[in-house]
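# Understanding the architecture of this molecule
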Amino acid sequence: MELLDKLNWRYAAKAMNGEKVSEEKINAVLEAISLAPTSSGLQPFEVMVVTNQELKEKIRPVAWNQSVITDCSHLLVFAAWDTYTADRINKMFDLTNEVREMKNEGWENYRQQLLAAYPGRPAEENFQHAARQAYIGFSMAIAAAAFEGLDSTPLEGFDPNSVDEILGLKEKGLRSCVMLPIGYRQTENDWLVNLKKVRKPMEDLVTNYK
Ligand SMILES: Cc1cc2nc3c(=O)[nH]c(=O)nc-3n(C[C@H](O)[C@H](O)[C@H](O)COP(=O)(O)O)c2cc1C
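Since we're looking at a predicted model, the values are computed, not measured.

Conventions we followed
- Residues numbered from 1 in each chain as written.
- Predicted model: local features only at pLDDT ≥ 70, side-chain atom pairs only at ≥ 80, totals over all residues.
- Heavy atoms only, no water.
- Helix = DSSP H or I, 4+ residues; strand = E, 2+ residues; numbered from the N terminus.
- Buried < 20%, exposed > 50% of the residue type's maximum accessible area, 1.4 Å probe, protein only.
- Axes fitted to C-alpha atoms, helices over the stretch in contact; angles between N-to-C directions.
- Parallel < 35°, antiparallel > 145°, perpendicular 65-115°, else oblique.
- Contact = heavy atoms within 4.5 Å.
- Nonpolar A, V, L, I, M, F, W, Y, C, P; charged D, E, K, R; others polar.
- Near = heavy atom within 4 Å.
- Areas by Shrake-Rupley, 256 points an atom, 1.4 Å probe, with all protein chains shown as cover.
- Left-handed = near helix turned anticlockwise from the far one by under 90°.
- Phe/Tyr/Trp six-rings, centres within 6.5 Å; stacked < 30°, edge-to-face > 60°.
- Lys NZ or Arg CZ within 6 Å of the ring centre and 35° of its normal.
- Pairing = 2+ DSSP bridges.
- Core = buried A, V, L, I, M, F, W, Y, C linked by side-chain atoms within 4.5 Å.
- Domains from an automatic or database assignment.

### A look at unusual backbone geometry
Look at Ser-40: it is not a glycine, yet its phi comes out positive at around 60°. Its place among the elements puts Ser-40 in the loop between helix H2 (23-34) and strand E1 (45-50). At Trp-64, a position not held by glycine, the phi torsion is positive, near 55°. In this fold, Trp-64 is placed in the loop between helix H3 (53-59) and helix H4 (68-71). The exposure class of Trp-64 is exposed, given its relative accessible area of 67%.

### As for the packing of helix H5 (residues 86-100) against helix H6 (residues 105-117)
Running from N to C, H5 and H6 point in directions that differ by 170°, and their axes come no closer than 10 Å. Considering their axes alone, H5 and H6 lie roughly antiparallel with respect to each other. For the pair H5 and H6, the contacting residues are Ala-86, Ile-89, Asn-90, Phe-93, Asp-94, Thr-96 and Asn-97 in the first and Trp-107, Glu-108, Tyr-110, Arg-111, Leu-114 and Leu-115 in the second. Considered class by class, the residues forming the contact of H5 with H6 number seven nonpolar, three polar and three charged.

### Overview of the site of the ligand
The local shell around the ligand consists of Arg-10, Tyr-11, Ala-12, Lys-14, Gln-66, Tyr-135, Pro-154, Leu-155, Glu-156, Gly-157, Lys-197 and Arg-199. With the chains in place, 66% of the 620 Å² that the ligand exposes on its own is no longer accessible. In terms of residue class, the shell around the ligand is made up of five nonpolar, two polar and five charged.

### So, the packing of H2 against helix H7 (residues 123-147)
At a minimum axis distance of 8 Å, the contact between H2 and H7 shows a crossing angle of 145°. Handedness of the crossing formed by H2 with H7: right-handed. In this structure, H2 contributes Val-29, Ala-32 and Ile-33 to the contact, and H7 contributes Gly-137, Met-140, Ala-141, Ala-144 and Ala-145. Class assignment for the residues of the contact of H2 with H7 results in seven nonpolar, one polar and no charged.

### Focus: the packing of aromatic side chains
Describing an aromatic ring pair means giving the distance of the ring centres and the angle of the ring planes. All chains considered together, the criterion is met by eight aromatic pairs. Aromatic side chains Phe-45 and Phe-78 sit 6.4 Å apart centroid to centroid with 40° between the ring planes, which places their arrangement in the tilted category. Separated by 33 residues along the polypeptide, Phe-45 in strand E1 and Phe-78 in strand E2 (residues 74-81) bring together distant segments of the chain. Residue class for Phe-45 comes out buried when judged on its relative accessible area of 10%. Centre to centre, the rings of Trp-107 and Tyr-110 are 6.0 Å apart; their planes meet at 40°, and the pair counts as tilted. Residue Trp-107 and its partner Tyr-110 are located together in helix H6, separated by three residues, close to a single helical turn. Members of the aromatic cluster, connected to one another through ring pairs, are Phe-45, Phe-78, Tyr-135 and Phe-138. The ring of Phe-147 carries Lys-6 above its face, with NZ or CZ at 4.6 Å from the centroid. Residue placement shows Arg-175 over the ring face of Phe-127; its charged tip is 3.7 Å from the ring centre.

### Re the environment of Lys-25
Looking at the element boundaries, Lys-25 is found in helix H2. Residue Lys-25 is classed as partly exposed on the basis of its relative accessible area of 26%. On a C-alpha basis, the gap between Lys-25 and Leu-150 in space is 8.3 Å, while along the polypeptide they are 125 residues apart. Apart from the residues lying within four places of it in its own chain, the contact partners of Lys-25 are Glu-148, Leu-150 and Tyr-184.

### Looking at the sheet that holds strand E3 (residues 151-152)
Strand order in this open sheet of four strands is E1-E2-E4-E3, and the pairing throughout is antiparallel. Looking along the sheet, the strands with just one partner apiece sit at the ends: E1 and E3. Across two bridges, E3 lies against strand E4 (residues 174-183) in antiparallel orientation. Note on E4: the bridge partner recorded for Ser-152 is Ile-182. Relative to E2, H2 is tilted by about 20°, and along the sheet it contacts E1, E2 and E4.

### A few points about the nonpolar core
Within the largest apolar cluster, 54 residues are counted, with the highest numbers of intra-cluster contacts made by Val-29, Phe-78 and Met-179. The biggest single contributor to this core is H7, with nine residues. In terms of domain composition, this core takes at least three residues from each of domain 1 (2-83 + 128-205) and domain 2 (85-120). With residues up to four places along the chain from it excluded, the contact list for Met-179 reads Ile-59, Ala-63, Ile-69, Leu-75, Leu-76, Val-77, Phe-138, Thr-153, Pro-154, Leu-155 and Phe-158.

Bear in mind that shape data such as this cannot, by itself, settle questions of function.
See below:
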């Protein structure tokens, strides 16, 4: 199947059957998240992979009681940095130097530029920026899951503060922003599975400037 066939096959699953997904497939999804581009390469988010059933049971009531939370195999919780700190920025720049085994003046100047701009901004502004980067990884995960023949449900319908509390994210300087239950569709109980995909016409999406 081509990528577009897989994206057409994909839908926001409303019911999952509890079947376990192999570690190999989940690792492929996580790898795709890791390969997502992010602003300045900072990767300002982490992914919590929840397979613990008790934790899933705790999260479900604060997530509009959506059954996919407990019936998925792996619940991915995308959690963005609560702010940008000098330490966090330096860590990524140092890692780049280490991996590339070089120090580059232009790159070091760019480090100073970010250090001068980001840590002084309001935490909320920084979190919103970091969350946008998390959504790029989230989008990659959705596509990668489909590529692996896995169902998923993009999920914003939850109370982030409660999820942060359940997973102890505040202590880690993180805030949950979006979740992705991954598993296998439960065809007989899913009202959406056989309905046509609805998308606005391409001309309402794309404007060409030729
Ligand atoms: C950021 C985001 C949040 C969403 N939150 C939920 C949700 O909480 N529950 C749900 O059932 N679907 C949720 N959806 C699924 C959308 O409703 C769905 O993707 C959209 O209607 C298009 O349908 P399709 O994904 O089946 O093609 C969310 C989608 C996105 C991208």
